[in-house]
Amino acid sequence: MVPEDLEQVLEIANLHKTRPMILDALQKAGYDFLDDKTWSLIYRTASMHLTLNRFLARLVTFFDTAGLKTVLLKGEGSAMNYPEPMLRECGDIDLYVGPGQYERACSLMKEFVAGTNITKDELSQKHYAVCSNGVFVELHQYCDILRSKRENAYFQSIAEPGLTENLVPISVVDVPVNTPADSFNAFFLFEHIWYHLTNGGIGFRQICDWCLFLHSRATKLDTSVVDGALKRLKLRSAWQMFASIAVDFLGFGAEEIPFYKAGLQDKARSMLALILEEGNFGYAMYGLDKRPTEFTKGKWFSMKVYLKRARVFFRCFPERRLIILRDIVYYMFDGVLRVLKHNLKK
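Residues numbered from 1 in each chain as written. Predicted model: local features only at pLDDT ≥ 70, side-chain atom pairs only at ≥ 80, totals over all residues. Heavy atoms only, no water.

Colleague: Sorry, what's going on with the packing of helix H7 (residues 182-198) against helix H10 (residues 236-249) here?
Modeller: The relative placement of two packed helices is expressed as an angle between their axes plus a distance between the axes. Interaxial distance between H7 and H10 falls to 11 Å at its minimum, and their mutual angle equals 95 degrees. Put simply, H7 runs roughly perpendicular to H10. Contact with H7, carried on its side by Ala 186, Phe 187, Phe 190, Ile 193, Trp 194 and Leu 197, involves Ala 238, Trp 239 and Phe 242 of H10 and no other residues of that element. A class-by-class count of the residues in the contact of H7 with H10 yields nine nonpolar, no polar and no charged. (Axes fitted to C-alpha atoms, helices over the stretch in contact; angles between N-to-C directions. Helix = DSSP H or I, 4+ residues; strand = E, 2+ residues; numbered from the N terminus. Parallel < 35°, antiparallel > 145°, perpendicular 65-115°, else oblique. Contact = heavy atoms within 4.5 Å. Nonpolar A, V, L, I, M, F, W, Y, C, P; charged D, E, K, R; others polar.)

Colleague: Can you help me understand unusual backbone geometry in this one?
Modeller: With the exception of glycine, most residues fall at negative phi, and the peptide bonds are largely trans. A positive phi angle is found at Asn 166, which is not glycine, with a value near 55 degrees. Along the chain, Asn 166 turns up in the loop between helix H6 (149-162) and strand S6 (168-172).

Colleague: Please explain the packing of helix H11 (residues 265-278) against helix H13 (residues 295-316) as it appears in this structure.
Modeller: With their axes 9 Å apart at the nearest point, H11 and H13 run at an angle of 155 degrees to one another. Relative to H13, the element H11 lies roughly antiparallel. The two elements H11 and H13 cross, and the hand of that crossing is left-handed. Touching Asp 266, Lys 267, Ser 270, Met 271, Leu 274, Glu 277 and Glu 278 of H11 are Lys 308, Arg 309, Val 312, Phe 313, Arg 315 and Cys 316, all from H13. (Left-handed = near helix turned anticlockwise from the far one by under 90°.)

Colleague: Whenever I open this one, the nonpolar core confuses me. Can you help?
Modeller: Nonpolar side chains in soluble globular proteins tend to be buried together. With 64 residues, the main nonpolar core has Leu 197, Trp 210, Trp 239, Phe 242, Ile 257, Met 271 and Phe 317 as its most contacted residues. With residues up to four places along the chain from it excluded, the contact list for Ile 257 reads Trp 210, Leu 214, Trp 239, Ala 243, Ala 246, Val 247 and Phe 252. Ranked by size, the runner-up nonpolar core spans 29 residues in total, among them Val 60, Phe 63, Leu 68 and Val 175. (Core = buried A, V, L, I, M, F, W, Y, C linked by side-chain atoms within 4.5 Å. Buried < 20%, exposed > 50% of the residue type's maximum accessible area, 1.4 Å probe, protein only.)

Colleague: Looking at this structure, how should I read the pattern of salt bridges?
Modeller: Between side chains of opposite charge, a pair can form as their charged atoms come close. Under the counting rule described, the total for this entry stands at 13 salt bridges. Among the ionic pairs, Asp 182 bridges to Arg 217, the shortest N-O distance being 2.7 Å. One end of the pair, Asp 182, is in helix H7; the other, Arg 217, is in helix H8 (residues 204-217), with 35 residues separating them in the sequence. A relative accessible area of 10% places Asp 182 in the buried class. Judged by relative accessible area, which is 22%, Arg 217 ranks as partly exposed. (Salt bridge = Lys/Arg side-chain N within 4 Å of Asp/Glu carboxyl O.)

Colleague: Looking at this structure, how should I read the sheet that holds strand S2 (residues 93-96)?
Modeller: Strands pair in a sheet through their backbones, by hydrogen bonds, and they do so in one of two ways: parallel or antiparallel. Pairing within the open sheet is mixed, and its five strands lie in the order S1-S2-S5-S4-S3. At either margin of the open sheet sits one strand with a lone partner, and together these are strand S1 (71-73) and strand S3 (118-123). Each strand axis lies, on average, 20 degrees off the axis of its neighbour in the sheet, ignoring direction. The pairing of S3 with strand S4 (residues 127-132) spans five bridges and is classified as antiparallel. Along S4, the bridge assignment pairs Glu 122 with Ala 129. Where helix H5 (residues 102-113) meets the sheet, its contacts fall on S3, S4 and strand S5 (135-140), and the angle it forms with S4 comes to roughly 5 degrees. (Pairing = 2+ DSSP bridges.)

Written as structure tokens, this is what we have:
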């Protein structure tokens, strides 16, 4: 039996990096339609997980031997919370080493990948990114850097203990690997959603990571820690709106998602519509193939996109309205300046 809207479902799943999970769920629901192409996709996803996990286990062991402590962020750590970890579409390996170890970690990383096929080698304030034999790794000096200096100072003040104290060990190919403290991780996974949402778009994979982490670890959280961070960074209304998505639309229990608030379905529905329309990183709506190549038209396209998204954010996140208005003024002013400078050079 094949679902009538199968192609539409799979197209949406592909845009949101959830296709292997959706295919597996449909098969378990009794839809017997998986052909060789579909099985090949599932096999490739599981095979990539094995490749990443073996690489990760070797890398963590290498760093441990050198006396360097690491913490696994997102990605493979998040996959462990899935009913079928090997079916989460995987990307890269994110390892936190911290400011005090960053320079040495980068040097050791170069030693670790020496002699392999390196197709990326980029150093920034946030992380060192390298691709070795098709495996992307980011060594993080900071797990994230927020745009506002004041907000970033606070974020770093909670990230440091969250990434050095009360760490949660998992086993990767029989190698112990640390993940962040539960309370910080709950906030960090949400902050990661927020970062990508406000910088282009998110896929449902990120929402699944956050929801399934809470489903697995909700009883381990110090909710006062999470609540304090949400209030300080003015993200509590955003969290509650995504909690509504989790509970009212995805079927999670209200007891699993801290700070769930009833009555936000209309706002959650507006956000869901935007997320579904944009796809992962906004590529479905705002990819480079959609943006005009002429400079001024390209800037106008980007501004229209920003204003469209800002209208939804303004409605859904009341505690951030002043920040949204501030950012609109900034981006409009910055865009006009860039266009003027570009035209003056002609």
